Amino acid sequence: MLIDYTSSNVPLVAKNQLLGKGAFGMVIRGKYLEEDVAVKTTLPHAEVSYFKALLSELKVMAYIGTHANVVRFFGAVTSKIRERIVYVVLELSPFGSLESHLKASRATYVNFIENDNITKIKVTYDPASPAVTTCDLISWSQQIAAGMEYLENKKGNI
Ligand SMILES: Nc1ncnc2c1ncn2[C@@H]1O[C@H](COP(=O)(O)OP(=O)(O)OP(=O)(O)O)[C@@H](O)[C@H]1O
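The following paragraphs examine the structure supplied in this document.

Each value, and the rule that gives it
- Residues numbered from 1 in each chain as written.
- Predicted model: local features only at pLDDT ≥ 70, side-chain atom pairs only at ≥ 80, totals over all residues.
- Heavy atoms only, no water.
- Phe/Tyr/Trp six-rings, centres within 6.5 Å; stacked < 30°, edge-to-face > 60°.
- Lys NZ or Arg CZ within 6 Å of the ring centre and 35° of its normal.
- Near = heavy atom within 4 Å.
- Polar contact = N/O pair within 3.5 Å; in protein donor to acceptor, adjacent residues only side chain to side chain.
- Areas by Shrake-Rupley, 256 points an atom, 1.4 Å probe, with all protein chains shown as cover.
- Buried < 20%, exposed > 50% of the residue type's maximum accessible area, 1.4 Å probe, protein only.
- Helix = DSSP H or I, 4+ residues; strand = E, 2+ residues; numbered from the N terminus.
- Pairing = 2+ DSSP bridges.
- Core = buried A, V, L, I, M, F, W, Y, C linked by side-chain atoms within 4.5 Å.
- Contact = heavy atoms within 4.5 Å.

### Regarding the packing of aromatic side chains
Argument step 1. Following the criterion strictly, the structure yields one aromatic pair and no others.
Argument step 2. The aromatic ring of Tyr63 is capped on one face by Lys154, whose charged end is 5.0 Å from the ring centroid.

### Description of the site of the ligand
Argument step 1. With respect to spatial proximity, the complete set of residues near the ligand consists of Leu19, Gly20, Lys21, Gly22, Ala23, Val27, Ala38, Lys40, Glu91, Leu92, Ser93 and Ser97.
Argument step 2. The side chain of Lys40 places a nitrogen or oxygen atom 2.7 Å from an oxygen atom of the ligand.
Argument step 3. For the ligand, a nitrogen atom lies 2.9 Å from a polar atom in the backbone of Glu91.
Argument step 4. Considering the ligand on its own, with 600 Å² of exposed area, one finds that the protein chains cover 67% of that surface.

### Digging into the pairing of strand 3 (residues 35–42)
On a regular strand, each side chain points to the face opposite its neighbour's, so the side chains alternate between the two faces of the sheet.
Argument step 1. Most of strand 3 is tucked away, with six of its eight residues classed as buried.
Argument step 2. The pairing of strand 2 (residues 25–32) with strand 3 spans eight bridges and is antiparallel. Considered in strand 3, the bridge of Val27 is made with Lys40.
Argument step 3. The sheet contact formed by strand 3 and strand 5 (residues 87–91) spans four bridges and is antiparallel.

### A closer look at the nonpolar core
Argument step 1. If you look at the biggest cluster of nonpolar residues, it comprises 10 residues: Phe24, Phe51, Leu54, Leu58, Met61, Phe73, Ala76, Val86, Val88 and Leu90.
Argument step 2. Put simply, the parts of the chain that give this core at least two residues each are helix 1 (48–64), strand 4 (73–77) and strand 5.
Argument step 3. Excluding anything up to four places from it in sequence, Val86 contacts Lys40, Thr41, Phe51, Leu54, Leu55, Leu58, Val77, Thr78 and Ile81.
Argument step 4. The next biggest cluster of nonpolar side chains, apart from the first, holds eight residues, and it includes Ile28, Val37, Phe74 and Tyr87.

Structural measurements only, silent on function.
Structural data, given as structure tokens:
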């Protein structure tokens, strides 16, 4: 279901909290029904092609549905679509992109592999001690594969 917020509800978008920028848009932190969310939109005065790319992404997100290993899509603010402004509301990933998290964690990475053997099992990721370990990498790989498998099956149903 596509949730269409009225413009009066747009204060869900918190200002000046930029989470990141992509090829055609920016992602800012917001709040939806007491939940912290990520809000994706185009940069001001962006080219029409960027706006169309965001609309295509929105269409895909709306089709995908929910899976534990795929960022959840809450809905979109489309009330200003004529002015080429759309806000796509997504689950907030508190650590940002996996790539940037892995790069930032490189210096504190804890390797559990010695002579091709795993020396320790630490199953759960503990945000209080955020050093990434070999077990985290294995677990995240499995989660990515599960998410990709779900998307692949969805693709087959189009
Ligand atoms: N759901 C999210 N939660 C937290 N941060 C996010 C979220 N989505 C995106 N970001 C941040 O915003 C950045 C840009 O995201 P965006 O989806 O626009 O582009 P991308 O997927 O990284 O690249 P591209 O535009 O090439 O697809 C990300 O690299 C990440 O740092």
